[in-house]
Structures are given as structure tokens and as C-alpha cells.
Amino acid sequence: MAVDRYDVLVIGGGPGGYVAAIRAAQLGLKTACVERWIGKDGQPALGGTCLNVGCIPSKALLESSEQYHRARHGLAAHGITVGEVAIDPAAMVARKDGIVRQFTGGIGGLFRKNGVTWLKGSGRLVGEGKVEVAGTDGAAQTVSAEHIIIATGSRPTPLLVAPLDGVRIVDSAGALDFTDVPARLGIIGAGVIGLELGSVWARLGSAVTLLEAMPEFLPVADRAIAALAHKELTGQGLQIRLGARVTAAALAGDGVTVDFEDAKGAQQAAFDRLIVAVGRQPVTDRLGLDAVGIAPDERGFIPVDGQFRTSAAGVYAIGDVVRGPMLAHRASEDGIAVAEGIAGQHCHVDYGTIPWIIYTWPEIAWVGRTEQALKAEGVPYTVGTFPFQANGRARAMEAAQGQVKLLAHAETDRVLGVHIIGPHASELIAEAVVAMEFCASAEDLARIVHAHPTLSEALHEAALAAHKRAIHI
Ligand code: FAD
Ligand code: NAD
């Protein structure tokens, strides 16, 4: 039987893999992408974690729950009285599923437009330049490729003491499909997923308790921003128990009991549902890494060099399966860079300017280094902060919580980090990313005209504040 031969074969069709495949095809390379995901409708689906059970569905539920919460609690301040406001969680989840279907189907369309072949099934490396595809239809084939890109992503890290039953004890994917509002919701892990999904269900009426093993809240964020976030989120009713080590979780009656230890000693809590969100781990099992001599590192990630090359000739790895931020936009940028590198172009991603966003209310967003990192590295810096309380647009929106904090080098004035908690921080951070990518100084930002009244004026004022010349505080 003739073996199909490609220039580029991508294993995994998430935001890393599908973007790499499209870019490779745009560059004239004969490209295929192996993807095995089966969607909720039982059909093969592209888009990986991000489109199926990650970024897009979680943001759909965050938006719905925010609209509901605002209708119930946010309109009176504007002088608007509404009647009874009700939520139909099943309709909310069905809307989310519709968006997911549209987007995953859209990737299929992009593949057709760009001439990428989708091989529906599971890919396994079987030798140099060879991948065996176990088709979702039961058929198997071996394909060969000059360049193979591993983009197999990640899955939730299991917690042995809290085994999932898929109904009452679930991972992040299960938590996107509740069709009723649990009265008491427990979440193990107060990280990004815990805070986002905790916000969704708290807005809909759940009493949410997050059990976080670390003694510090959001250690990856700037300390000042994390402290403000803690105050805002606990103020909204999220119970955040820090330093809580879960020792057991089990189904009990109609609910779940969780045993944990914290500074107060051994404790037990009862919930109707429990979400386990303690991080994600790379997917490399049954991938045949040993067939080409690739050894994952001690945490299971695939080691690569600056051009995404693994230790095996012609094999590359990108996205969540490689150490670094587990973010969709990072995976996609890796995908573009690796495809361009294979095509002989420049291959580079600037990991120093990757924005992080947590889609709570208010949103939390940052780029670059935190104040604690600069201190630890001994870098001299200046700080400029500006509160949204003093921003006209935020006040007009009745959304004046939070602040912008800008860090600049004390000698060169180069912007080293921007940290925002506030309305639409997810959009505002883009200006800071551009500024940092162009090596802007705080003075550059301060001298750029920002439209009035906009939320972006808060960044402008933070840049002015770094030189002690803010106008509105
Ligand atoms: P994945 O998206 O995991 O895709 C890997 C694909 O490879 C999967 O489709 C899998 O089926 C396939 N695969 C694996 N092995 C094989 C094989 N052997 N053969 C064939 N196919 C295979 N990131 C953000 O940037 N913003 C967000 O708002 C955000 N929200 C999130 C919310 C949640 C609830 C979760 C869980 C994650 C979120 N993320 C977010 C993280 C984001 O989803 C991931 O960083 C991103 O999907 C990683 O992309 P990837 O292509 O590396 O891997
Ligand atoms: P996370 O690393 O953000 O948070 C996991 C939390 O669980 C940490 O605070 C950790 O200390 C805690 N933890 C670990 N073991 C524990 C235990 N035994 N008991 C109690 N707490 C424990 O991971 P996540 O929230 O699962 O999300 C995974 C990744 O997915 C994120 O790191 C991020 O890269 C990505 N993601 C991104 C977004 C976004 O960009 N908005 C949204 C969701 C997920």
C-alpha cells in the first residue's frame, strides 16, 4: 500500500497544532493534521482544549453569568428597575455548546480553504518520519512526513485523593456542563480555572468555596494586584481557603465530602458538587516518543530548543506539551514560528511579552515582570499606579474597581511590566504588550495621546505616575 507523504504532519489540532498546520500550508508545504477529539455531539472536532472545553466555552459561560448578575444586581445604580430575573442553566450551556460547534466547525473550513488534510484519529510516532494514524473510523494507516510537529497539548492533572465520578466530582470540562446551579460548590485549586469557573457559578447563586494548597493567593501575579483581587473576589462571596491541603474527597449521600488540613488542623466540608482544578499536565502517552528517541523531562514536557526542535531530527514540539505558559495564544504563536522556521524563515517567539488574563470581574491582566520579580533580580525600578476610581469612563460604567500598575526601569525608563485589575483589563493589556514589544519607555506611553473618556487613560496616567506627574491623582 502506498504511504501518504507530507512535507509537514502536525499531531494535535488545538490552537498550537491547527495554527501551525494552516501557516505551513500557506507557506506552500503539503500539510496534514492528525486530530482525534470527539465533540459533545459525537462527531470528530478540531480546536483542542481551547475551543472544545477551554477558553471559548468558559468565556461563553462567564459572559452569560455576568449578564445575569448585572441584570440582578448592577442595574439599580443606573436607575433601571427590572422585574424578576431568572437563569436557565441548561439554555446557557446549550448556547455555549452552539458557539463551540460553530468555532470547531470553522477550523474545518479553514483547513479546506488552506488545503490542510485532516486525518481523523490518533497519531503515534513509529520511526523516523513515520506516524501511524489509528482512525476514529477504526481504519489504520501509516503516513510519512519530512517534518513532524507534536502539538498534543495538556489534560487536567488528576488528584489521587479526589477521584472524578464525572457528575458530582468533575474536572474543568465537567464544570462547563452543569445544567443546574449547585447550592454548595467546592473547588480544589484557586488558580486560573478555579477563579473563573468559581465566578461563573457564584454569580448564578452557588456558595463557592475554593481550597487552595498554597499559603499565598495567586503567587504568579504581582502582589499588589493579587491582594486587590483577593479583596474583590472574597467581597463577592467566594470563600478562598489558603494553605488547605485536601486529604480525601468522596461521594456521600447526594453530595461530596472533602477532608482537608489547614492552619486550624483537620477539617471537613460538604458540597453538592466538587471541581478539581489543580493544574494541567502534558499529553504524551501512547505517542511513540521512544520510537524516535525523545525523552520527556521529569514533569512530562517535551524538551525543545529555541526553534522548537526536539532531540529527534525533523520532530518539533509546541504549545502546552512544552514547558512554558499553558495559554492558547502562546501555543498559536509557537505554531506560526515553527511553521515559518520549517519553511526557512525566521523562527522566534518573545516569551517576555506574553499577556496573562484571568477573566474574573474585575478582570486581571498582566505582561512582563512583577514587582517581586524585579526586587528578587535586583533590577532598579520605578512604579506608577492609577486607580480606576479616578477614571471618568470607569465611573460612568459603574465599574471603577481596581488599578493599573506600571513598572519601568529606574535608569532607562523602559517599561518592564504592566499589571491591571479592572474593567476590560483583557483588552487594555494589549497596549502594554505593544509598548513592551517596541521597547517603549514610560515616557513614551505618557506622551501618547489617549482618547477621553476611555479606560485606556488609566494606563496613560500610570505611565505619568511613574514620573510623579499624574494629573488626576
Ligand atoms: P490543546 O488545545 O490541548 O490541543 C491538543 C490537541 O491534541 C487535542 O485536541 C487532542 O485531542 C490532540 N491530541 C493529543 N494527542 C493526540 C494524538 N496522539 N493524536 C491525535 N491528536 C492528539 N488559555 C488562554 O490563553 N486563554 C483562556 O481564556 C483559557 N481558558 C481556558 C479555560 C479552561 C477551562 C481550560 C481547561 C484551559 C484554558 N486555557 C486558556 C488554556 C488553553 O486551552 C491551552 O493553553 C491551549 O488549548 C493549548 O493549546 P495546544 O494546542 O497546545 O493544546
Ligand atoms: P493553575 O496552575 O492556574 O492553578 C492550580 C492551583 O491549584 C494552584 O494555585 C495550585 O497551588 C493549586 N493546587 C495544586 N494542587 C493542589 C492540591 N492538592 N490541593 C489544593 N490546591 C492545589 O491551574 P488551573 O487553574 O488548573 O489551570 C491550568 C492552566 O490552564 C492554567 O495554568 C493556565 O495556563 C490555563 N488556563 C488559562 C486561562 C486563562 O488564560 N484565562 C483560563 C483557564 C486555564
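About the thresholds
Residues numbered from 1 in each chain as written. Chains lettered and ligands numbered in written order. Predicted model: local features only at pLDDT ≥ 70, side-chain atom pairs only at ≥ 80, totals over all residues. Heavy atoms only, no water. Helix = DSSP H or I, 4+ residues; strand = E, 2+ residues; numbered from the N terminus. Contact = heavy atoms within 4.5 Å. Near = heavy atom within 4 Å. Polar contact = N/O pair within 3.5 Å; in protein donor to acceptor, adjacent residues only side chain to side chain. Areas by Shrake-Rupley, 256 points an atom, 1.4 Å probe, with all protein chains shown as cover. Pairing = 2+ DSSP bridges. Axes fitted to C-alpha atoms, helices over the stretch in contact; angles between N-to-C directions. Left-handed = near helix turned anticlockwise from the far one by under 90°. Nonpolar A, V, L, I, M, F, W, Y, C, P; charged D, E, K, R; others polar. Salt bridge = Lys/Arg side-chain N within 4 Å of Asp/Glu carboxyl O. Buried < 20%, exposed > 50% of the residue type's maximum accessible area, 1.4 Å probe, protein only. 1 Å grid on protein atoms, 1.4 Å probe; cavity = no way out; pocket = protein on both sides within 12 Å on 5 of 7 lines; lining within 4 Å. Points joined across faces, edges and corners; volume = space filled by probe spheres on them.

Caption draft 1: Seen up close, the environment of Pro-362. Within the secondary structure layout, Pro-362 lies in the loop between β17 (356–358) and β18 (363–368). In sequence terms Pro-362 and Gly-422 are 60 residues apart; their C-alpha atoms lie 4.7 Å from each other. Excluding its chain neighbours within four sequence positions, the residues that come into contact with Pro-362 are Glu-232, Gln-236, Gln-401, Ile-421, Gly-422 and Pro-423.

Caption draft 2: Spotlight on the site of ligand 2. Residues in close proximity to ligand 2 total 22 residues, the closest being Glu-196, Glu-212, Gly-279, Met-326 and Ile-357. Take Glu-212: an N or O atom from its side chain is 2.6 Å from an oxygen atom of ligand 2. Contact between ligand 2 and Ile-357: a nitrogen atom at 2.7 Å from a main-chain N or O atom of the residue. In isolation ligand 2 exposes 830 Å². Once the protein is present, 77% of that is buried. At the level of elements, α5 (192–203) and β17 are the ones that each hand at least two residues to the shell around ligand 2. With three residues, α5 is the largest single contributor of residues to the shell around ligand 2.

Caption draft 3: A look at the sheet that holds strand β21 (residues 415–422). Ordered in space as β17-β18-β21-β20-β19, the five strands form an open sheet in which the pairing is antiparallel. Each edge of the open sheet carries a strand with a single partner, namely β17 and β19 (381–387). If you compare each strand with its neighbour and ignore which way they point, the axes differ by 10 degrees on average. Taken together, the seven bridges between β19 and strand β20 (residues 403–409) define a ladder with antiparallel strand orientation.

Caption draft 4: Just the sheet that holds strand β8 (residues 184–188), in detail. Sheet architecture is open: five strands sit in the order β7-β14-β8-β9-β10, paired in parallel fashion. The open sheet has two edge strands with one neighbour each: β7 (169–170) and β10 (239–241). Across three bridges, strand β9 (residues 207–211) lies against β10 in parallel orientation. Within the sheet, the bridge partner assigned to Leu-211 lies in β10 and is Arg-241. Where α5 meets the sheet, its contacts fall on β8, β9, β10 and β14 (273–276), and the angle it forms with β9 comes to roughly 165 degrees.

Caption draft 5: Main features of the packing of helix α3 (residues 55–74) against α5. Packing of α3 against α5 leaves a shortest axis separation of 9 Å and a crossing angle of 35 degrees. α5 is crossed by α3, and the crossing has left-handed handedness. Contacts between α3 and α5 involve Ser-58, Lys-59, Leu-61, Leu-62, Ser-65, Glu-66, Tyr-68 and His-69 on the former and, on the latter, Glu-196, Leu-197, Ser-199, Val-200 and Arg-203. Split by residue class, the contact of α3 with α5 holds five nonpolar, four polar and four charged.

Caption draft 6: Expanded view of the pattern of salt bridges. Applying the stated rule across the entire model yields 25 salt bridges. In this structure, the salt-bridge partner of Lys-40 is Asp-97, at a minimum N-O distance of 2.6 Å. Note that Lys-40 is positioned in the loop between β2 (31–35) and α2 (48–53) and Asp-97 in helix α4 (residues 89–114), a separation of 57 residues in sequence. Exposure remark for Lys-40: the relative accessible area of 59% places this residue in the exposed category. Glu-66 is paired through a salt bridge with Arg-203; the nearest N and O atoms lie 4.0 Å apart. Taken as a pair, Glu-66 in helix α3 and Arg-203 in helix α5 lie far apart in primary sequence, 137 residues in all. Comparing Glu-66 with Arg-203, the two get one shared label, buried. Overlapping salt bridges bring together Lys-40, Lys-96, Asp-97 and Asp-177 as one network.

Caption draft 7: Here's a closer look at the layout of surface pockets. The space that makes up the second largest pocket amounts to roughly 780 Å³. Lining the second largest pocket are 28 residues, and of these Glu-66, His-69, Arg-70, Arg-203 and Trp-361 lie nearest its centre. Broken down by secondary-structure element, the contributors of at least two residues to the lining of the second largest pocket are α3, α5 and α10 (425–437). Considering each element in turn, the lining of the second largest pocket owes the most residues, eight residues, to α3.

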